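Observations on the model geometry
Each chain, written out:
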Amino acid sequence: MADYQNENPLTVGLEKTLHPQPCSLVIFGGSGDLSRRKLLPALYNLAFDGLLPTGFAAIGFARSEMADHEFRAFAAEGVQKFSRRRYEATHWQDFERSLFYRTASFEDPKSYAELKAALEAIESQRATLGNRVFYLAIPPTMIGLCVKQLQAAGLIYPAKQTDRFSRIVVEKPLGRDLETARKLNDELGEVFDESQIYRIDHYLGKETVQNILVMRFGNSIFEPLWDQKNIDHVQITVAEEEGVGTRAGYYEEAGALRDIVQNHILQLVCMTAMEPPYQMNAEVIRSHKLEVLRCLRPMVDEDFQRYVVRAQYAAGYCRGVEVPGYRNEQGIRPDSTTETYIAMRVFVDNWRWAGVPFYLRTGKRMAKRATEITVQYKTVPRVLFNVDAANPLEPNALSLRIQPDEGISLRISAKLPGPKVRIYPVKMDFRYGSTFGAQASPEAYERLLLEVMAGDATLFMRRDEVEAAWQWISSIQQGWARNPAKWLPEYKAGTWGPVEADRLIESDGRQWRTL
Ligand code: NDP
Ligand code: BG6
């Protein structure tokens, strides 16, 4: 067996090395929260690990007035607070030389002319070969405007130009329904070719999410059992301890369906359910995921009432601290009907998954932070060890822990030591932390930024994927619109959700897993 510490683990199996190309990364919204908490720390970590291309510059571009040195101080504060790698003066001094800032008003063409002049100077100073990545960490309503202005200012090279590239990265939310998503995609498509567009779903940048494919297709023991003949059901949970926090304005309009289900959860469904790709290639992987999205059974008639539960957190305790209910959070309407929790039963109507329910749930202010996919196998026949109907054997369950405590466990039945035959469910457990070290896994944004610089779109959403996801989500949105709720069921903050969600799964003779 390969020892990852003594051998280069990349020599085991497929070696996929990314080649990030020299470039300038213009962060629209460089003074904002995402930039401070995620993007700048991710860039520092890449620099720390020696992964940034040799020619590199990041240019913050936003409304606040800042000079380069002030932006560097802003970035240093973000790095000290949020970076995976520790803040070290020598690494920092090297890295901060690549940081610049230009004040902007996104509406004003002058800002783009100034950006162009600044870029030309920085490009020769930092040897970025003229390559440009525009990262839009901005309110989604401004995306259309910004791309038009970029084009008008002559800041974008056509996709067919081969000596240098322009790429654009867009953050979620990618629309709020099918129509707005199409409009957004049209606006992007008027200026950029699809091959230049990188739509972020940061879950795809998580190591454990990428490992789903390695686990499924890098082992011979799982795939033959990965179908409706062997699997009883699948559960996917994205549970958060945090409440709505400081994002009330956004969340009131989004709710759990748009915020988590449309993107992160559906992507997890795709990775779990997709057919084996024949190549690790952006178009192949994304086309296979698209097939899953297109096979999701729409919620028709009253299905959205029978198979979808939405709820809101009420006051309760999180880690022993009293926390308010959603409607009492700052910035939330006291009569809000925005869901902070959603649970649903979903089917993927294809040959492999026919009749296998996927139970999906996500919520804020739940008992703990835990994202997990569990594949529960069918029970063994009621003969031999499983004859006692009052004490049935627990079925095998394969759990992929996405976060925290990343790892994989398999529940199996084992004989308790002793003269009698007594059977007990035990777990075979692999933990990333203890095998590879706690610091080994890069943050999702590190990986995603690197992929953009390397020009690999595998971990980003293609236009048709985003729209297919919205298409399915719209069957639920339409049901809700036909029957607007005056109130939602509640669950106490710090618990596992409302009783209605328990009933949803229990009425099928199953139970939510205890995480
Ligand atoms: P912020 O409100 O913190 O930042 C918005 C940025 O846009 C600021 O830098 C602001 O500049 C700039 N800006 C807004 N309007 C203008 C304008 N007219 N001209 C120039 N600059 C302008 O938002 P976030 O960083 O939280 O979010 C950015 C995007 O990322 C959003 O689409 C969000 O949904 C998405 N996102 C955010 C996440 C997060 O954790 N924060 C997570 C996932 C997605 P200034 O502040 O200087 O005025
Ligand atoms: C974001 C959502 O996309 O994902 C947030 O907008 C949520 O509401 C976050 O908290 C969860 O991400 P993670 O990586 O902490 O699971």
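The structure we're discussing is the one just above.
An account of the accompanying structure is given in this report. Because the structure is a prediction, the values reported are computed rather than measured. (Residues numbered from 1 in each chain as written. Chains lettered and ligands numbered in written order. Predicted model: local features only at pLDDT ≥ 70, side-chain atom pairs only at ≥ 80, totals over all residues. Heavy atoms only, no water.)

Taken together, 21 residues lie near ligand 1, and S31, D33, L34, R37 and S64 sit nearest. Interatomic distance of 3.4 Å between a backbone N/O atom of G29 and an oxygen atom of ligand 1. At 3.1 Å, a backbone N or O of K172 approaches an oxygen atom of ligand 1. About the coverage of ligand 1: the protein hides 80% of its 900 Å² of free accessible area. Of all the elements, helix α1 (residues 33-48) adds the most residues to the shell around ligand 1, at three residues. Of the residues contributing to the shell around ligand 1, the split by class is 10 nonpolar, five polar and six charged. (Near = heavy atom within 4 Å. Polar contact = N/O pair within 3.5 Å; in protein donor to acceptor, adjacent residues only side chain to side chain. Areas by Shrake-Rupley, 256 points an atom, 1.4 Å probe, with all protein chains shown as cover. Helix = DSSP H or I, 4+ residues; strand = E, 2+ residues; numbered from the N terminus. Nonpolar A, V, L, I, M, F, W, Y, C, P; charged D, E, K, R; others polar.)

This part covers the nonpolar core. Counting 149 residues, the largest nonpolar core has F28, L43, M344 and F358 as its most contacted members. Per-element tally for this core: the top contributor is helix α8 (residues 248-273), with 13 residues. When sequence neighbours within four positions are dropped, the list of residues in contact with F28 reads F61, F106, Y112, F134, Y135, L136, A137, I138, C146 and L150. (Core = buried A, V, L, I, M, F, W, Y, C linked by side-chain atoms within 4.5 Å. Buried < 20%, exposed > 50% of the residue type's maximum accessible area, 1.4 Å probe, protein only. Contact = heavy atoms within 4.5 Å.)

What follows covers the pairing of strand β13 (residues 370-377). A large share of β13 lies buried, amounting to eight of its eight residues. Here β13 shows no split at all, with A370, E372, T374 and Q376 on one side and T371, I373, V375 and Y377 on the other all buried. The pairing of strand β7 (residues 231-239) with β13 spans eight bridges and is classified as antiparallel. Bridge pairing in β13 links Q235 to T374. Across six bridges, the pairing between β13 and strand β14 (residues 397-403) is antiparallel. Looking at β14, one finds that Q376 is bridged to A397. (Pairing = 2+ DSSP bridges.)

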